[in-house]
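# Understanding the architecture of this molecule
Listed below, chain by chain, are the residues.
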Amino acid sequence: MEEGLEWLARGYGKGNVKLLHVRRDGPVHSIKEFEVSTQLTLESDKDYLVGDNSDVVATDSQKNTVYILAKRHGVSENGTE
């Protein structure tokens, strides 16, 4: 990187991960769709400067983590749990 320049942000993420939540309350079912985005920050510039992405979490892994957390912890009425 040129002298005197610095990175303002070293972030990346996965956007628009869709979750469908079905609440079954007897004969009445409520369906809500949620859209989740993740944002991660890199600790170094090596990913950009030398192409070493060994510490990058793949976006598919981020998406799968969203699904796992929703399954484990559920989703409340207002979208948080």
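An unreviewed UniProt entry lists the protein chain under the name Uricase, from Portunus trituberculatus. Entered under Catalytic activity (unreviewed entry) in the UniProt record, the comment concerning the protein chain runs "urate + O2 + H2O = 5-hydroxyisourate + H2O2". Reading the Function (unreviewed entry) entry of the UniProt record for the protein chain gives the comment "Catalyzes the oxidation of uric acid to 5-hydroxyisourate, which is further processed to form (S)-allantoin."

Attention shifts here to the pairing of strand 2 (residues 28-41). Here 13 bridges tie strand 1 (residues 11-25) to strand 2, and the two strands are oriented antiparallel to one another. Across the sheet, the residue bridging to Val 22 is Ile 31, located in strand 2.

Okay, the environment of Val 57 next. Relative to the assigned elements, Val 57 resides in the loop between helix 1 (46-49) and helix 2 (59-73). Classification of Val 57 by relative accessible area gives partly exposed; the value is 38%. Residues Val 57 and Leu 42, 15 residues apart in the sequence, show an inter-C-alpha distance of 9.8 Å. Beyond its immediate chain neighbours, meaning those up to four positions away, Val 57 contacts Tyr 12, Leu 40 and Gln 62.

This part covers the pattern of salt bridges. Following the criterion strictly, the structure yields five salt bridges and no others. Linking Lys 18 and Glu 35 is a salt bridge whose minimum nitrogen-to-oxygen distance equals 2.7 Å. Taken together, the positions of Lys 18 in strand 1 and Glu 35 in strand 2 put the pair 17 residues apart, joining distant regions of the chain. Classification of Lys 18 as partly exposed rests on a relative accessible area of 41%. Residue Glu 35 is classed as partly exposed on the basis of its relative accessible area of 48%. Linking Lys 46 and Asp 55 is a salt bridge whose minimum nitrogen-to-oxygen distance equals 3.4 Å. Through salt bridges that share partners, Lys 46, Asp 52 and Asp 55 make up one connected network.

Procedures and definitions
Residues numbered from 1 in each chain as written. Predicted model: local features only at pLDDT ≥ 70, side-chain atom pairs only at ≥ 80, totals over all residues. Heavy atoms only, no water. UniProt positions renumbered as here; feature names shortened; annotations may be inferred. Pairing = 2+ DSSP bridges. Helix = DSSP H or I, 4+ residues; strand = E, 2+ residues; numbered from the N terminus. Buried < 20%, exposed > 50% of the residue type's maximum accessible area, 1.4 Å probe, protein only. Contact = heavy atoms within 4.5 Å. Salt bridge = Lys/Arg side-chain N within 4 Å of Asp/Glu carboxyl O.

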